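Survey of secondary and tertiary structure
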Amino acid sequence: MLTPTRAVRVFAYAAPVDMRKGFDGLGALVEQQMGRQLLKGDVFLFVGRSRRRAKVLHFDGTGLVLLTKRLFRGRFARPWCEQGAQEVELTVSELSLFLEGCELAGRWRLSPPAVDEKVLAVGSAL
């Protein structure tokens with residue numbers, strides 16, 4: 001079961017992916033194309049060219065988890081809308097909205113920014 005917290009970073013691969021890829025193929029994209037460490041615990045989202053299928057790859061501490069979703073109606077949003085970007089960072093909430101089929105997820109920031117400790121320290125001093 002995939003139950004990440006807000007502290008987990010979510011990255012969407014910013015190009016259409018061959019949905020026949022499995023653990024090894026998607027893991028190679030993470031490390032070679034995105035320049036990320038697969039076993040760090042981040043969550044990685046991949047979408048096919050037709051945008052009817054999406055895959056989520058995550059290392060949960062004991063092994064790799066691969067979640068696959070296929071929409072029967074509608075299409076997933078395009079996480080590859082920015083030219084030249086290798087990835088799009090999402091929050092866990094935005095990932096949930098994305099997997100529900102929300103067209104805005106991945107295009108605009110839908111979640112507030114994370115609270116910084118410095119902001120909290122300044123706010124408590126007032």
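As annotated in an unreviewed UniProt entry, the protein chain carries the name Transposase and is attributed to Stigmatella erecta.

Attention now goes to the packing of aromatic side chains. Going through the model one piece at a time under the given rule, you end up with 3 aromatic pairs. Taking the centre distance of 6.0 Å and the plane angle of 25° together, the rings of F11 and F44 count as stacked. Taken together, the positions of F11 in strand β1 (residues 10–13) and F44 in strand β2 (residues 43–47) put the pair 33 residues apart, joining distant regions of the chain. Seen in terms of ring centroids, Y13 and F46 are 6.0 Å apart; in terms of plane orientation they differ by 40°. Their pairing is tilted. Here Y13, found in strand β1, pairs with F46, found in strand β2; they are 33 residues apart in sequence, far enough to count as distant. The residues Y13 and F46 share a single accessibility class, namely buried. For R36, the ring lying beneath its charged end belongs to F11, and the centroid distance is 3.9 Å.

Here we come to the sheet that holds β2. The mixed open sheet is built from 5 strands, whose spatial order is β4-β3-β2-β1-β5. With partners counted over all chains shown, the strands left at the sheet margins are β4 (64–70) and β5 (87–90), one partner each. Taking the axes of each pair of neighbouring strands and ignoring which way they run, one obtains an average angle of 20° across the sheet. Bridging between strand β3 (residues 53–59) and β4 involves 7 bridges; their strand directions are antiparallel. Opposite R53, over in β4, you have R70 as the bridge partner. Packed onto the sheet, helix α1 (residues 23–33) meets β1, β2, β3 and β4 and runs at close to 75° relative to β3. Along the sheet, helix α2 (residues 92–99) makes contact with β1, β2, β3, β4 and β5, crossing β2 at roughly 30°.

Each value, and the rule that gives it
- Residues numbered from 1 in each chain as written.
- Predicted model: local features only at pLDDT ≥ 70, side-chain atom pairs only at ≥ 80, totals over all residues.
- Heavy atoms only, no water.
- Phe/Tyr/Trp six-rings, centres within 6.5 Å; stacked < 30°, edge-to-face > 60°.
- Helix = DSSP H or I, 4+ residues; strand = E, 2+ residues; numbered from the N terminus.
- Buried < 20%, exposed > 50% of the residue type's maximum accessible area, 1.4 Å probe, protein only.
- Lys NZ or Arg CZ within 6 Å of the ring centre and 35° of its normal.
- Pairing = 2+ DSSP bridges.
- Axes fitted to C-alpha atoms, helices over the stretch in contact; angles between N-to-C directions.
- Contact = heavy atoms within 4.5 Å.

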